[in-house]
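Here is how the chains run, residue by residue.
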Amino acid sequence: MAIEFIILFGIISALGDVTYEGARSVYGTYLASLGATATIIGIITGLGEFLGYTFRLISGYFVDKTGLDWPITILGYALLLSVPLLGFSNTWKIAAIFVLCERLGKAIRNPGKSSMLSHATKHVGTGFGFGILEAVDQLGALIGPLVFTFALTLTGTYKAGFKFMLIPALLTIAFVIFARIRVPNPKELEEDVKSEAKTESKNNRAVYTEKFINYSLFIFFSIVGFVNFPILSYHFLNKKIVLEGVIPTLYAVAMGLDGLFALIIGKYYDKKGFRALVFVPILSVGLVVLGFSKNTYLAVVSVMLWGIIMSIHETILKAAIADITTKDIRGRAYGIFYTIYGISMLVGSVAMGYLYEVSTLLTIIFATICQVIAFVFYFRFKQSLQK
């Protein structure tokens, strides 16, 4: 039943990605066609990403307090209907509301979804379990833009293209409801191992333990020092390293590697444990050095490396949360995790964007310093596990 539950959620995530990743690929151009300026588009998409991460803290806390994992998760997926509703928008202001609702839906459902999945992954290994989810999920992320392109070509208009996304949106909701019927209480899937029983007997409501704080700081600095794809692609174009038309293809390659490597790193994590986390700062330093070079071949390698690092973020960073927290507080823990991730992404992107305008070398130094600090908290986290 556990593996069936993971695959079911993989299908749900993939269908959800078909819906919103397809739509997100044209958010900017669609809002522009409705009269939005570049500044307005930036504000809407930026606010959407901010809501998409920070609201997870509230959602995660609510999941733990009420125990309503399924209703909250289903509500989050129901907000995917905001995507086809974009097809009925006549002004950018109305469209903006639906864009924000779609992002808010992702924030609402993710802590509950991750918490429920964490119970099932205990049977197959937390790393491998989240790896399966990421592999199937990335398939949806690849197909989504292609489906929207097909719909756009078939219908000739953005509005009709968005309305076409009603099909995957409804399929997603249907699969979520089916999963709810099949596994009404996911907590029962988790085996009670001795280490967790010992932790729960001490304090089953303790979130901010020393190991959780050190792990959170490790996440924060490693993500602040992680170069995102928009900055990398800007550098490629700015220095004329890669042709503009090649960049979407490179992104697709990175997404493919993300899904493929998820299974590998997930299995490695289950075998080696928290030692696998050390790859995050090491590879991130390699990324910034290769990515900001002026060599085309190194640029291609850096994009591949970016996809691999994203795979690690989406699998073992989540898996570790399940392994350092107990069942009763896991929704809150995932809410905190996602919030830290979102804030650090924002801080890192702003800092690196600004530093890049000053000096490429400064950007590399900044990212490297962040990863060195992440190393420090990684070792502190490892030490706290012994206490």
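Residues numbered from 1 in each chain as written. Predicted model: local features only at pLDDT ≥ 70, side-chain atom pairs only at ≥ 80, totals over all residues. Heavy atoms only, no water.

1. Concerning the overall build of the protein
Then, number 1: Within the protein, the secondary structure is distributed over 17 helices and zero strands.
Then, number 2: Counting only C-alpha atoms, the protein reaches 60 × 50 × 30 Å along its principal axes.
Then, number 3: For the protein, buried positions account for 52% of its 387 residues.
Then, number 4: Long-range pairs, those at least 24 residues apart, make up 85% of the contacts in the protein with a sequence separation of at least 6. (Helix = DSSP H or I, 4+ residues; strand = E, 2+ residues; numbered from the N terminus. Buried < 20%, exposed > 50% of the residue type's maximum accessible area, 1.4 Å probe, protein only. Contact = heavy atoms within 4.5 Å.)

2. Regarding the pattern of salt bridges
Then, number 1: Considering all chains together, one arrives at four salt bridges under this definition.
Then, number 2: Between E102 and R103 there is a salt bridge, with the nearest N and O atoms lying 2.7 Å from each other. Accessibility classification places E102 together with R103 in one group, the buried group. (Salt bridge = Lys/Arg side-chain N within 4 Å of Asp/Glu carboxyl O.)

3. Observations regarding the packing of helix α12 (residues 229-238) against helix α15 (residues 296-324)
Then, number 1: Following both chains from N to C, one finds α12 and α15 inclined at 175 degrees, their axes separated by 11 Å at the closest point. It follows from the interaxial angle that α12 and α15 lie roughly antiparallel. On α15, the residues touching F229, L232 and F236 of α12 are A299, S302, V303 and W306.
Then, number 2: Broken down by class, the residue content of the contact of α12 with α15 amounts to six nonpolar, one polar and no charged. (Axes fitted to C-alpha atoms, helices over the stretch in contact; angles between N-to-C directions. Parallel < 35°, antiparallel > 145°, perpendicular 65-115°, else oblique. Nonpolar A, V, L, I, M, F, W, Y, C, P; charged D, E, K, R; others polar.)

4. Structural notes on the nonpolar core
Then, number 1: Membership of the largest hydrophobic core comes to 78 residues, with the highest contact counts inside it found for F9, Y215, F218, L277 and W306.
Then, number 2: The biggest single contributor to this core is α15, with 14 residues.
Then, number 3: Core analysis: the second largest hydrophobic core is formed by 20 residues, Y27, V83, A96 and V99 among them. (Core = buried A, V, L, I, M, F, W, Y, C linked by side-chain atoms within 4.5 Å.)

5. Description of helix α6 (residues 92-121)
Two residues of an α-helix separated by three or four positions point the same way, owing to the 3.6 residues in each turn.
Then, number 1: Taking 1.5 Å of rise per residue, the 30 residues of α6 would be expected to cover 44 Å, and the 42 Å separating its terminal C-alpha atoms lies within 8% of that figure.
Then, number 2: In terms of burial, α6 is largely enclosed, as 24 of its 30 residues are buried. (Expected span 1.5 Å × (residues − 1).)

6. Some details on α12
Then, number 1: Within α12 the residues assigned to the buried category are F229, I231, L232, S233, H235 and F236.
Then, number 2: If you check the start of α12, you find a side-chain oxygen 3.0 Å away from the backbone N of I231, and it comes from N228.
Then, number 3: Looking one or two residues past α12, K240 carries a phi angle of roughly 55 degrees, positive in sign. (Polar contact = N/O pair within 3.5 Å; in protein donor to acceptor, adjacent residues only side chain to side chain.)

7. With respect to the environment of I177
Then, number 1: Position of I177 relative to the elements: it lies in helix α9 (residues 166-182).
Then, number 2: Each C-alpha atom, one on I177 and one on T73, is 10.0 Å from the other, the two residues being 104 residues apart in sequence.

8. Here's the deal with the side chain of S344
Then, number 1: Its location among the elements puts S344 in helix α16 (residues 330-358).
Then, number 2: A distance of 2.8 Å separates a polar side-chain atom of S344 from the backbone oxygen of I340.
Then, number 3: Not counting the four nearest positions on each side in its chain, S344 is found in contact with F220, I223 and V224.

9. Remarks on the packing of aromatic side chains
Then, number 1: For the structure on display, the rule yields 25 aromatic pairs.
Then, number 2: For the ring pair F130 and Y334, a centre distance of 6.4 Å and an interplane angle of 50 degrees mean the geometry is tilted. With a gap of 204 residues between them, F130 in helix α7 (residues 126-155) and Y334 in helix α16 connect regions that are remote in the sequence. This pair shows no difference in class: F130 is buried, exactly as Y334 is.
Then, number 3: Judged by centre distance (6.2 Å) and plane angle (45 degrees), the ring pair of F337 and Y341 falls under tilted. Taken together, the positions of F337 and Y341, both in helix α16 and four residues apart, correspond to about one turn of that helix.
Then, number 4: For Y341, a relative accessible area of 5% corresponds to the buried category. (Phe/Tyr/Trp six-rings, centres within 6.5 Å; stacked < 30°, edge-to-face > 60°.)

10. Things to note about the environment of R380
Then, number 1: Turning to its location among the elements, R380 is positioned in helix α17 (residues 360-384).
Then, number 2: On the accessibility criterion, R380 (42% relative accessible area) is partly exposed.
Then, number 3: With 170 residues separating them in the primary sequence, R380 and E210 have C-alpha atoms 9.2 Å apart.

11. Structural notes on the confidence of the model for the protein
The predicted structure's coordinates, where accompanied by low pLDDT, should not be read in detail.
Then, number 1: Here the protein averages 86 in pLDDT, while 95% of its residues score no lower than 70.
Then, number 2: Taken together, the stretch residues 192-204 has pLDDT below 50 and engages in twelve contacts with residues farther than four places along the chain or on a different chain. (pLDDT = per-residue confidence, 0-100.)

12. With respect to the packing of helix α4 (residues 69-78) against α9
Then, number 1: Following both chains from N to C, one finds α4 and α9 inclined at 170 degrees, their axes separated by 9 Å at the closest point. What the angle tells us is that α4 and α9 run roughly antiparallel. Residues W70, I74, Y77 and A78 of α4 form the contact with α9, whose participating residues are T172, I173, V176, A179 and R180.
Then, number 2: Considering only residue class, the contact of α4 with α9 consists of seven nonpolar, one polar and one charged.

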